[in-house]
Amino acid sequence: MLHMSEIHPPRLPEPDRPWMMRTYAGHSDAKRSNELYRGNLEKGQTGLSVAFDLPTQTGYDPDHELARGEVGKVGVSIAHVGDMRTLLAGIPLDHMNTSMTINATAAWLLALYIVAAEEQGVPQDKLQGTTQNDILKEYLSRGTYAFPPGPSLRLIADTIAYTVEHVPRWNPINICSYHLQEAGATPVQEIAYSMSNAIAVLDAVRERVPPALMSSVFGRISFFVNAGVRFIEEHAKLRAMSQLWEELGRERYGVEDEKHRRFRYGVQVNSLGLTEAQPENNVYRIALEALAVTLGRSARARAIQLPAWNEALGLPRPWDQQWSLRLQQVLAYETDLLEYPDVFEGSKVMEGLVAELVDGSRAEMQRIAELGGAVRAVGYMKAGLVESHRERWRRIEARELTIVGMNRFTTTEPSPLTADADGGILVVDPEVEAEQRHALADWRSHRDQAAVAAALNDLARAARDDAENIMPATIAAARAGATTGEWAQTLRDVFGEYRAPTGVGEAAAVSSEDVSDLRDEIDAISEMLGRRLKFLVGKPGLDGHSNGAEQIAVRARDAGMDVVYEGIRLTPAQIANSAAQEGVHVVGLSILSGSHAELIPSVLAALREAGVGDVPVVVGGIIPEADAAALREAGVAAVYTPKDWDLNRMMRDIIRLVAERHGASTAAPA
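None of the values given here were measured: they were computed from a predicted structure.

**Considering the overall build of the protein**
Here's step 1: Secondary structure assignment for the protein yields 25 helices and 15 strands.
Here's step 2: A globule of 670 residues ought to have a C-alpha radius of gyration of about 26 Å, and the protein, at 25 Å, matches this closely.
Here's step 3: Counting only C-alpha atoms, the protein reaches 85 × 75 × 55 Å along its principal axes.
Here's step 4: Residues classed as buried in the protein amount to 59% of the 670 residues present.
Here's step 5: Counting contacts in the protein only where the partners sit at least 6 residues apart, residues at least 24 apart contribute 80% of the total.
Here's step 6: Carbon together with sulfur atoms contributes 51% to the accessible area of the protein, which is approximately 26,200 Å² in total.
Here's step 7: Each charge sign in the protein was given a centre, from 67 positive and 91 negative side chains, and these centres are 2 Å apart.

**Digging into the side chain of S361**
Here's step 1: Relative to the assigned elements, S361 resides in helix α14 (residues 348-370).
Here's step 2: Given a relative accessible area of 0%, S361 falls into the buried group.
Here's step 3: Discounting chain neighbours no more than four positions away, the residues touching S361 are V188, I191, A192 and L244.

**Things to note about the layout of surface pockets**
Any empty space left between atoms is shown by rolling a water-sized probe over those atoms.
Here's step 1: In this structure, the second largest pocket spans a volume of roughly 1,300 Å³.
Here's step 2: Taken together, 45 residues make up the lining of the second largest pocket; nearest its centre are R264, Y265, A301, R302 and A303.
Here's step 3: Only β1 (20-22), β4 (97-101), β5 (128-131), α10 (214-220), β8 (222-227), α11 (231-251), β9 (265-269) and β10 (303-305) provide two or more residues apiece to the lining of the second largest pocket.
Here's step 4: When its residues are assigned to classes, the lining of the second largest pocket shows 16 nonpolar, 16 polar and 13 charged.

**Digging into the confidence of the model for the protein**
Here's step 1: Confidence along the protein averages 91 in pLDDT terms, with 96% of residues attaining 70 or more.
Here's step 2: With pLDDT under 50 throughout, residues 665-670 is counted as low confidence; its partners more than four residues away or in other chains account for 10 contacts.

**A look at the environment of E598**
Here's step 1: By secondary structure assignment, the location of E598 is in helix α23 (residues 596-609).
Here's step 2: A relative accessible area of 25% means that E598 is categorised as partly exposed.
Here's step 3: Residues E598 and E70 lie 528 residues apart in sequence; the distance between their C-alpha atoms is 8.7 Å.
Here's step 4: Residue contacts for E598: discarding those within four places in its chain leaves G69 and K73.

**A closer look at the environment of V537**
Here's step 1: Residue placement: V537 occurs in strand β11 (residues 534-538).
Here's step 2: Measuring from C-alpha to C-alpha, the distance between V537 and G588 comes to 4.7 Å, with 51 residues separating the pair along the chain.
Here's step 3: In this structure, V537 is in contact with A549, I552, A553, V563, V564, Y565, E566 and G588, ignoring residues within four places of it in sequence.

**Quick notes on the pairing of strand β12 (residues 562-565)**
Here's step 1: Direction of pairing for β11 relative to β12: parallel, over a ladder of four bridges. Each bridged residue has a counterpart across the sheet, and for F535 the counterpart in β12 is V563.
Here's step 2: At this point the chain moves from β11, through helix α21 (residues 547-558), to the parallel β12, and the crossover so formed is right-handed.

**Quick look at the sheet that holds β12**
Here's step 1: Here we have five strands laid out as an open sheet, ordered β12-β11-β13-β14-β15, and parallel in their pairing. Each edge of the open sheet is held by one strand with a lone partner, namely β12 and β15 (638-640). The average angle at which neighbouring strand axes cross in this sheet is 20°, direction not considered.
Here's step 2: In this sheet, strand β14 (residues 617-621) lies alongside strand β13 (residues 586-591) in parallel orientation, the contact comprising five bridges. Looking at the pairing, I591 lines up with G621 of β14.
Here's step 3: Sheet strands touched by helix α22 (residues 572-582): β11, β12 and β13. Its angle to β11, the strand with the most contacts, is close to 170°.

**Some remarks on the sheet that holds strand β6 (residues 170-171)**
Here's step 1: A sheet is described by the order of its strands in space; here five strands give the open sequence β2-β3-β4-β5-β6, paired in parallel fashion. With one partner strand each, in any of the chains shown, β2 (24-25) and β6 form the two edges of the open sheet.
Here's step 2: Two elements, strand β3 (residues 48-51) and β4, share four bridges in a ladder whose sense is parallel. Counted as the bridge partner of S49 is S99 from β4.
Here's step 3: In this fold helix α2 (residues 30-42) packs onto β2 and β3, with an angle of close to 155° to the strand it touches most, β3.
Here's step 4: With respect to the sheet, helix α5 (residues 106-119) is in contact with β4, β5 and β6, its orientation differing from that of β4 by roughly 150°.

**Considering the pattern of salt bridges**
Here's step 1: Considering all chains together, one arrives at 50 salt bridges under this definition.
Here's step 2: Close ionic contact of D63 with R444 constitutes a salt bridge, the shortest N to O distance being 2.8 Å. Within this pair, whereas D63 is found in the loop between α3 (54-58) and α4 (81-87), its partner R444 is found in helix α16 (residues 432-446), the two being separated by 381 residues in sequence.
Here's step 3: Notably, a salt bridge pairs R154 with D158, separated by 2.9 Å at the nearest N-O pair. Pair noted here: R154 and D158 are both in helix α7 (residues 149-166), with a separation of four residues, about one helical turn.
Here's step 4: Residue classification places R154 among the buried residues on the basis of a relative accessible area of 8%.
Here's step 5: A network of salt bridges, in which partner residues are shared, links D61, D63, R444, R447 and E486.

**A short note on helix α18 (residues 471-480)**
Here's step 1: Residues M471, A473, T474, I475, A477 and A478 constitute the buried set of α18.
Here's step 2: For α18, the elements touching its buried residues are α4, α5, α7, α17 (449-464) and α19 (484-495).
Here's step 3: Directly after α18, the chain includes G481, whose backbone phi takes a positive value near 105°.

**Some words on the packing of aromatic side chains**
Here's step 1: For the structure shown, the criterion picks out 15 aromatic pairs.
Here's step 2: With centroids separated by 6.0 Å and ring planes inclined at 40°, the aromatic side chains of F218 and Y253 adopt a geometry described as tilted. Note that F218 is positioned in helix α10 and Y253 in the loop between α11 and β9, a separation of 35 residues in sequence. Each of the two residues, F218 as well as Y253, counts as buried.
Here's step 3: Where W319 meets W323, the ring centres are 5.1 Å apart and the plane angle is 50°; that geometry is what we call tilted. Highlighted residues: W319 and W323, both in helix α13 (residues 318-333), separated by four residues, approximately one helical turn.

**Brief notes about the pairing of β14**
Here's step 1: Burial of β14 is extensive: four of the five residues sit out of reach of the surface.
Here's step 2: One crossover worth recording links β13 to the parallel β14 by way of α23, and it is right-handed.
Here's step 3: Bridge count between β14 and β15: three bridges; the pairing is parallel. In the strand pairing of β15, V618 is matched with A638.

**Details of the packing of α7 against α18**
Here's step 1: Between α7 and α18, the shortest axis-to-axis distance is 9 Å and the interhelical angle comes to 85°. Judged by the angle between their axes, α7 and α18 are roughly perpendicular. Contacts between α7 and α18 pair D158, T159 and Y162 from the former with M471, P472 and I475 from the latter.
Here's step 2: Counted by class, the contact of α7 with α18 contains four nonpolar, one polar and one charged residues.

Reading the values: the criteria
- Residues numbered from 1 in each chain as written.
- Predicted model: local features only at pLDDT ≥ 70, side-chain atom pairs only at ≥ 80, totals over all residues.
- Heavy atoms only, no water.
- Helix = DSSP H or I, 4+ residues; strand = E, 2+ residues; numbered from the N terminus.
- Rg over C-alpha atoms; globule rule 2.2 N^0.38 Å.
- Buried < 20%, exposed > 50% of the residue type's maximum accessible area, 1.4 Å probe, protein only.
- Contact = heavy atoms within 4.5 Å.
- Areas by Shrake-Rupley, 256 points an atom, 1.4 Å probe, with all protein chains shown as cover.
- Lys, Arg positive; Asp, Glu negative; His and termini not counted.
- Charge placed at Lys NZ, Arg CZ, Asp CG, Glu CD.
- 1 Å grid on protein atoms, 1.4 Å probe; cavity = no way out; pocket = protein on both sides within 12 Å on 5 of 7 lines; lining within 4 Å.
- Points joined across faces, edges and corners; volume = space filled by probe spheres on them.
- Nonpolar A, V, L, I, M, F, W, Y, C, P; charged D, E, K, R; others polar.
- pLDDT = per-residue confidence, 0-100.
- Pairing = 2+ DSSP bridges.
- Right-handed = clockwise from strand over helix to strand, strands pointing away.
- Axes fitted to C-alpha atoms, helices over the stretch in contact; angles between N-to-C directions.
- Salt bridge = Lys/Arg side-chain N within 4 Å of Asp/Glu carboxyl O.
- Phe/Tyr/Trp six-rings, centres within 6.5 Å; stacked < 30°, edge-to-face > 60°.
- Parallel < 35°, antiparallel > 145°, perpendicular 65-115°, else oblique.

Written out as structure tokens, the structure reads:
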């Protein structure tokens, strides 16, 4: 009689190969980022993951008004094929697997990559990698959209259709649940919204490729997921996604090839849970979150990039990125993780969790389908995310959800990790923006202007013809020397502009004794003012991380303020004009991209020019203390960073500032 261990051996005959190890990296310009990439590869990184700056992500050149302060801050500035050539110098693209975190301008950056590879002598059918290219989640969470949903979906479909035929080893899209969780999604919302997103994309592609290619299309779709610190539930989420994806391929799209139905995903673990307070704790969080995507063999990630411990403070240094890479290497090469079959197979707990998530996700997917699909349901999903994030923050404030070092166990020793002059982060050279503007002007002066104009005219013609794939004209424009901003502006002229819903108005009101007390205080000061206290929440520049601004706006509304919040991507002049026209009593600015030193003084100057320079200004963002002191010296009334998690205290600060400004005899308590 055979022993159970002979039927189901506890170990694999040979250990599995490790997943692809990446570090999400890039800053300043192409030359500096190339040096960083080559250093990371020498340390054992097995794939590239390129971070682009916000102007590149949203389709603006470094000399555009909206690019001010943003050039090279959260990623590398890529304005044309010359920049891409420099970025990839010395990196053999016939052997490299490159992930590019780019969405609105994904078709353009892929075109630049293809042309740069051509110059290396590498044909496009040999290229391997991924363009994130998920625009629907940009309207819901990240905010780096450039065009309206319909044309954006057409652009994605064209990219997928082109790559399946001409760049067959490329993943043309990551359906991106990662940013949904960052915006507050529950596991059910993360699954349902991302699957509904995938359906919208696949349905759009189905109209643009022959039926025989749909199996290959389905097989090239990958996901980019998030893994939070509740790593058992997070692993169940991935098994649930795998089950639903397999069903979707088989039942909706008739995919018969089992390999094409396989759920393929890369991951970056949760940045939402990283804290500025006691940031050394983030190392443990990152390690635990990595277990969610590595422990279970049948739902293991194909590629992993881990954030650095200090990303809640600012831009990581090469040493910080090395630390995260070493964590992956310890997991893969020192532990016995890769030696066993699926350790969760047969677990009643895991089976129950997966069933619960699958059932909840199916119900939510049905609701989205009833609303007309993911594109039409953007407003519904955005409101759902704002509400889920509001509830999460309520639980943090009530200490129902423990965040170690932030709302519990806050007694701490000073951290030697943040004791240096730069506060433990990389500070981008402020001269980078001027250098990039100068380099852009030089590029334009030496190119064939007639060839560029002809290529952009052809791009516009292709964009107007919905039956034509836009990728060939995009590649031709890249080859001719057009810039990122010129490509995007050509398409904006055809497709139009768009402003996504904020979800703030639909979020449910929070109810607590503390908020009730706030309402009384705001009623009192409003009576003194002669009208309702009015608060403008603004996001200058290109930073699309609006989660914090949305929660501030929701809490101010719940507390009884009259709130003006127009969403993301505003110029200083637009903010100042709104402040003047709306007659606001206080202005709140949110910037998480590191551009505060340039943008906040510009807003203060614009407010003075608009005649409302005496309105108190408060600022929130990832702001080092040295910068915070400079902002206060420049006239900012208060500065908040991620360690300031008590929204009600912020509301009381705002009441006090307005009371002081208007000479109230009894100011609200601080």
